[in-house]
Structures are given as C-alpha cells and as structure tokens.
Amino acid sequence: MTAEPLGVPWSSGVVRGADGAVRVAGVDVRDLAATHGTPAYVVDEADVRARARAYRTAFETACAQVGTGVDVYYAGKALLTRAVARWVHDEGLRVDTASGGELAVALAAGVPGAHLGLHGNNKSDDELRAALDAGVGRIIVDSLVEVDRLAALVREHRGPAGAPAPVMVRVTTGVHAGGHEFISTAHEDQKFGLSLAAGPDGGDSPALAALLRVLDHPELHLLGIHSHIGSQILDPSGFAVAAHRVLALRAALRERTGVLVDEVDLGGGYGIAYLPHEVPLDPDRIAKEVAQAVADAARELGTPLPRLSIEPGRAIVGPPGLTLYTVGTVKPVRLDDGRVRTYVSVDGGMSDNIRPALYGAQYHAAIVSRVSDVAPVLARVVGKHCESGDIVVHEVQLPGDVRAGDLLAVAATGAYGRSMASNYNLLTRPPVVAVTAGESRVLVRRETVEDLLALDVAAT
Ligand SMILES: *Cc1c(COP(=O)(O)O)cnc(C)c1O
C-alpha cells in the first residue's frame with residue numbers, strides 16, 4: 001500500500017501512509033495524539049491559506065472581469081485564534097468580527113483596524129466604543145436604534161468635529177439559503193437585519209429608512225449595504241437573487257437622495273463538503289456567478305457597478321480542520337429492523353462539536369491509526385456527555401474490529417467546532433493544533449481543570 005490522500009471531505013494534506021496510519025500535513029496522527037493528547041482540533045495551515053487565496057483570487061478575477069473590485073473578509077466566528085487571523089491576513093483577507101472578544105483577538109493578531117468589520121444585532125456600547133477606538137473599517141448596523149446609538153457614541157467619543165464612523169446597513173433580502181435550496185419571500189421572521197419589504201401603509205421599507213437615517217447623521221459615513229443570506233449554501237442562485245434586491249435598494253436610495261453608495265457586501269455561507277459524496281461550491285464558479293449577477297443588476301438598474309465584498313468563514317477553515325479522538329467504549333445494539341448499530345464512544349462529544357446535536361449536522365469519520373481487514377459495520381460515533389443526544393457522527397461505516405485505543409478522526413470540523421465549544425459536564429475544551437510542513441504546534445492550549453477552578457471564585 002502506498003500513501004494515498006483520503007480525499008473529500010478531508011483536508012488536502014490528509015494522507016494514509018503505507019503503514020495504515022494517517023498523516024496530516026506530514027505529521028502522523030499517532031504522534032499528534034502522543035504529543036497533544038486527545039481530543040484535539042487539528043488544523044492544516046497550508047490548506048487554510050490555500051482556501052483563503054482561492055477565494056480571494058477567484059473573486060478578484062471575476063470582479064475585475066466585470067469591471068469592479070472586491071474585498072474578502074474572513075468571518076472570524078468560524079474559528080478565531082491569533083494565528084488563524086494572521087494567516088488569512090497574510091493571504092490578503094480582511095476579518096469580520098461579531099463581538100468584542102473576536103475584535104480583540106483580531107487586533108491582538110495585528111490585523112489593522114481598517115481591515116476589520118464589526119457585526120451584531122445587539123452590539124453593546126462597549127463593543128461599539130472598542131470598534132471606534134480601533135478605527136474599524138466598517139460597523140455593520142443592524143437596526144434603526146443602533147444607527148442613533150452609534151451616532152451618539154461617535155459624538156461622545158470623537159467630538160463633533162471628529163471623523164465619521166464608516167457604516168454599512170444590514171438588510172434582509174427575503175432570500176434564505178442553506179443546504180441545497182433557497183427560498184425567497186417578501187417578509188422576514190428573524191432577528192437579523194432590516195427588511196426590504198414595504199413598511200406599514202406601503203411606506204418606506206425598514207432598510208431604506210435605516211439608510212436615510214444614516215445619511216441624516218454627520219457622525220456616520222454610509223459605505224454601503226450588507227446582506228448575508230445563510231450558511232452552508234450549495235445552490236448559488238440565492239446569491240444572484242439577493243444581489244438584485246440589494247442593488248435595487250441602492251438604486252432606490254440614489255433616486256430618493258442622489259447618494260449612490262460605493263459598496264455591496266453579499267455575506268458568506270459558501271458551502272463545503274462534510275460527506276464523501278458532497279460537492280462543495282467551487283470558488284471560481286461562484287465568483288463568476290456572483291460578479292455577473294451584480295453586473296447584470298447594475299446594468300438593468302442603470303447604476304454604476306458597486307465595489308463588492310464577501311465574507312466566507314466555513315469555506316476557509318472548515319475542510320482544513322479535523323478532530324482527533326481516542327475510541328473508548330464500543331457497544332453493538334440490535335435495531336428493530338434486525339440491523340446492528342455499533343455505538344463507538346469517543347473522549348469528547350457535544351462539548352467540542354455541538355453542530356450534530358444543534359442542527360442535525362452530518363459528519364464523516366474514519367479510524368486513522370490503522371487499517372483493518374475486518375468488514376465495516378454501521379457505526380454511530382457518540383461522545384462522553386450525560387445526554388443521549390450527544391452524537392458526533394450519526395452514521396458511518398467503521399471497521400468491524402473498531403476498539404478502545406483506536407484513534408478516530410472526524411473530518412471538516414475546522415469551522416464552528418472550537419468556536420462553539422462549551423464546558424458541558426465540565427469537560428475541558430480541546431487544544432487547537434496547527435500542522436505545517438511536518439511540524440505541529442499548539443495555537444490554543446487545552447483547557448485544564450485549573451482553568452475551570454480559576455473561574456469558580458466562591459467556595460461557599
Ligand atoms: C456567519 C456569517 C458569515 C460566515 O458564514 P459561513 O457560513 O461560515 O461562510 C458571514 N457573514 C455573516 C454576517 C455571518 O453572520
């Protein structure tokens with residue numbers, strides 16, 4: 001047996017060696033487990049960088065072809081450590097943050113404030129002040145009250161003659177995308193953004209009203225309009241519908257005020273493969289479709305092209321990450337239909353990957369410390385929490401002799417794994433370990449019981 005890549009949905013650096021054990025970017029998983037312990041999040045740095053470059057290049061090329069420019073913001077909520085922020089910054093991406101904590105980590109990584117954005121439907125005054133202090137490149141306002149609050153904070157913060165704060169207005173286009181399909185409605189039933197649908201009595205939409213309100217405040221500079229339609233999008237047509245609606249709003253604002261905003265952000269949500277048969281969105285294809293949709297809409301509306309921005313998160317860090325676990329208890333259960341399901345317990349679970357329990361998300365797993373000649377069995381990978389819904393992988397074929405001590409890896413956990421991790425059952429959160437050209441290093445160390453006790457400040 002020669003070394004062979006495991007292929008989709010694994011990172012491009014994941015290869016099974018001739019001895020049956022898997023390497024990640026040249027590092028044997030048995031060495032990773034021995035050095036860093038399990039469970040551990042393992043991130044292939046070269047793959048993160050390659051995906052960041054692929055998105056940037058694809059969108060720069062496609063936008064140049066239609067005659068405009070683009071900024072790619074990495075959506076930091078997917079996974080944010082100082083090193084990850086540095087990598088994407090090195091690759092020419094900017095960084096979107098969604099809280100004071102994310103903002104602080106991105107700044108500590110050395111990403112210039114001007115290359116940061118701040119999102120959130122309920123930002124605190126402290127978060128807005130931190131963004132103003134850092135000189136963030138854009139604050140994405142999410143409500144009418146936030147427009148007024150931010151203007152007041154700018155006044156207080158910078159004085160009446162200070163520079164205005166750069167603002168985008170987040171609108172909801174009625175396009176909801178995720179998984180394989182999108183739906184398109186006029187009205188909105190969600191907490192984010194300002195609706196494009198006409199207000200009561202057919203008056204201005206909340207979105208247009210917010211844009212007008214920003215223009216009323218000399219403390220704010222209106223950069224543009226923002227729309228994020230969903231996550232894990234595999235059908236690109238939703239982006240084109242959203243682009244048309246956002247550009248129509250931009251044209252309506254010009255008609256009303258003469259102001260043509262420079263920039264349109266179409267958000268993130270670019271889908272990845274979690275399972276071997278899934279086909280991720282191709283950055284070149286989606287970039288062409290999005291750029292073309294924007295160009296078509298601008299032409300139909302008779303407006304000049306805006307500058308674009310996009311915010312991929314999962315598509316940058318999801319596939320480059322895997323979670324490495326050690327198998328413990330193995331329990332075969334006979335199902336009503338006569339089949340046998342083998343419950344394979346690992347040393348983590350819903351505290352390090354909540355997505356299966358939260359959204360029914362599906363993942364793929366493999367035994368990575370060895371190969372086996374024994375026929376595969378139907379397995380369910382479960383965690384060690386006091387919760388029967390503590391499932392990591394609902395259904396996967398694993399070798400029939402899967403046993404305690406085997407190393408098991410779950411693919412494509414780089415996004416929304418560590419960033420959504422909890423301390424449920426007071427498990428300590430796993431480390432984030434980067435592998436780069438045959439070397440591993442810790443980006444975020446494993447939590448310890450001392451860390452837990454350090455937060456627990458009252459003994460009585
Ligand atoms: C979550 C989010 C993103 C990134 O979504 P992905 O699915 O990880 O690409 C981008 N923009 C906004 C506003 C978000 O909330």
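So, how was this worked out
Residues numbered from 1 in each chain as written. Predicted model: local features only at pLDDT ≥ 70, side-chain atom pairs only at ≥ 80, totals over all residues. Heavy atoms only, no water. Helix = DSSP H or I, 4+ residues; strand = E, 2+ residues; numbered from the N terminus. Rg over C-alpha atoms; globule rule 2.2 N^0.38 Å. Buried < 20%, exposed > 50% of the residue type's maximum accessible area, 1.4 Å probe, protein only. Contact = heavy atoms within 4.5 Å. Areas by Shrake-Rupley, 256 points an atom, 1.4 Å probe, with all protein chains shown as cover. Lys, Arg positive; Asp, Glu negative; His and termini not counted. Charge placed at Lys NZ, Arg CZ, Asp CG, Glu CD. Near = heavy atom within 4 Å. Polar contact = N/O pair within 3.5 Å; in protein donor to acceptor, adjacent residues only side chain to side chain. Nonpolar A, V, L, I, M, F, W, Y, C, P; charged D, E, K, R; others polar. Salt bridge = Lys/Arg side-chain N within 4 Å of Asp/Glu carboxyl O. UniProt positions renumbered as here; feature names shortened; annotations may be inferred. Expected span 1.5 Å × (residues − 1). Core = buried A, V, L, I, M, F, W, Y, C linked by side-chain atoms within 4.5 Å. Domains from an automatic or database assignment. Arc of directions from axis to C-beta. Phe/Tyr/Trp six-rings, centres within 6.5 Å; stacked < 30°, edge-to-face > 60°. Axes fitted to C-alpha atoms, helices over the stretch in contact; angles between N-to-C directions. Parallel < 35°, antiparallel > 145°, perpendicular 65-115°, else oblique. Left-handed = near helix turned anticlockwise from the far one by under 90°. Pairing = 2+ DSSP bridges.

In this section: the overall build of the protein chain. Helix and strand counts for the protein chain stand at twelve helices and 25 strands. On C-alpha atoms alone, the protein chain measures out to a radius of gyration of 24 Å, which is about the 23 Å that the 2.2 N^0.38 rule sets for 460 residues. Reported as C-alpha extents along the three principal axes, the dimensions of the protein chain are approximately 70 × 55 × 45 Å. Across the 460 residues of the protein chain, 53% fall into the buried class. Pairs at least 24 residues apart make up 68% of the contacts formed inside the protein chain by residues separated by at least 6 positions. Surface accessibility of the protein chain: about 18800 Å² in total, with carbon and sulfur atoms responsible for 53%. The centroid of the 43 positive side-chain charges in the protein chain is displaced by 2 Å from the centroid of its 55 negative side-chain charges.

Our next topic: the site of the ligand. Lining the immediate environment of the ligand, one finds 15 residues, of which K77, S231, E311, R314 and Y416 sit closest. Between the ligand and H228, the relevant distance is 3.4 Å, taken from a nitrogen atom to a side-chain nitrogen or oxygen of the residue. Contacts to the ligand include E311, whose side-chain N or O atom sits 2.5 Å from a nitrogen atom. Burial of the ligand by the surrounding chains reaches 92%, relative to a free accessible area of 390 Å². Across the shell around the ligand, the residue classes break down as four nonpolar, seven polar and four charged.

It is worth spelling out the pattern of salt bridges at this point. Counted by the stated rule, this structure contains 34 salt bridges. Between D126 and R129 there is a salt bridge, with its nearest N and O atoms 3.2 Å apart. You can see D126 and its partner R129 sitting in helix 5 (residues 125–134), three residues apart, about one turn around the helix. A salt bridge links D148 to R213, with the shortest nitrogen-to-oxygen separation between them at 2.7 Å. You can see D148 sitting in helix 6 (residues 144–158) and its partner R213 sitting in helix 7 (residues 206–216), a full 65 residues away along the chain. For D148, a relative accessible area of 27% translates into the label partly exposed. Taking the relative accessible area as the measure of exposure, R213 reaches 31% and is therefore partly exposed.

Before going further, it helps to spend a moment on the UniProt feature "binding site: pyridoxal 5'-phosphate" (unreviewed entry) in the protein chain. Those residues carrying the UniProt feature "binding site: pyridoxal 5'-phosphate" (unreviewed entry) are G269, E311, P312, G313, R314 and Y416 in this numbering. The topology assignment puts G269 in the loop between strand 16 (263–265) and helix 9 (283–301). Apart from the residues lying within four places of it in its own chain, the contact partners of G269 are H228, G230, S231, Q232 and I233. Mapped onto the elements of the fold, R314 is located in helix 10 (residues 314–317). Those residues in contact with R314 that lie beyond four places of it in its chain are A78, S231, Q232, Y270, I272, Y274, P319, R355, A415 and Y416.

The terminal C-alpha atoms of helix 8 (residues 237–257), which comprises 21 residues, lie 31 Å apart, in line with the 30 Å expected from a rise of 1.5 Å per residue. Turning to helix 8, its buried residues number three or more, namely G238, F239, A242, A243, V246, L247, L249, R250, A251 and L253. Phi turns positive one or two residues past the end of helix 8, at G258, with a value near 80°.

Listed under "modified residue: N6-(pyridoxal phosphate)lysine" (unreviewed entry) in the UniProt record, and renumbered for this structure, are K77. Topologically, K77 is positioned in the loop between strand 6 (70–75) and helix 3 (82–90). Setting aside chain neighbours within four positions, we find K77 in contact with D96, E102, Y416 and S419.

Take the nonpolar core next. Core analysis: the largest hydrophobic core is formed by 128 residues, its most contacted members being F59, Y74, L324 and L408. Considering every element that reaches this core, the biggest residue donor is helix 9, with eight residues. Two domains each provide a minimum of three residues to this core, namely domain 1 (4–37 + 320–455) and domain 2 (46–317). With sequence-adjacent residues up to four places away left out, L324 is seen in contact with V29, L32, A33, T38, P39, A40, V42, V368, L407, L408 and A409.

Listed in full, the buried residues belonging to helix 1 (residues 29–36) are V29, L32, A33 and H36. The arc that holds the buried residues of helix 1, viewed along the axis, is 95°, so those residues lie on one side. Exposed side chains of helix 1 directed beyond 90 degrees from the buried face belong to A34 and T35. The positive-phi residue at the C-terminal boundary of helix 1 is G37, with phi of around 80°.

Turning to the packing of aromatic side chains, a few remarks are in order. Describing an aromatic ring pair means giving the distance of the ring centres and the angle of the ring planes. One pass over the full model with this rule turns up five aromatic pairs. Residues Y55 and F59 carry aromatic rings whose centres are separated by 6.3 Å and whose planes lie at 15° to one another, so their mutual orientation is stacked. Of the two residues, Y55 and F59 both sit in helix 2 (residues 45–66), four residues apart, roughly one turn of that helix. This pair shows no difference in class: Y55 is buried, exactly as F59 is.

Below, the discussion takes up the packing of helix 7 against helix 8. In contact at an axis separation of 11 Å, helix 7 and helix 8 are set at 50° when each is read in the N-to-C sense. Classed by the angle they form, the pair helix 7 and helix 8 counts as oblique. Where helix 7 crosses over helix 8, the two elements pack in a sense that is right-handed. Residues A207, L208, L211, L212 and L215 of helix 7 form the contact with helix 8, whose own contacting residues are L249, L253, R256 and T257.

As a further point, take the sheet that holds strand 2 (residues 14–16). Ordered in space as 1-2-3-4, the four strands form an open sheet in which the pairing is antiparallel. The open sheet has two edge strands, strand 1 (4–5) and strand 4 (27–28), and neither has a second partner. Relative to strand 4, strand 3 (residues 22–24) is paired through two bridges, and the arrangement is antiparallel. Its bridge partner being in strand 4, V24 is matched across the sheet by V27.

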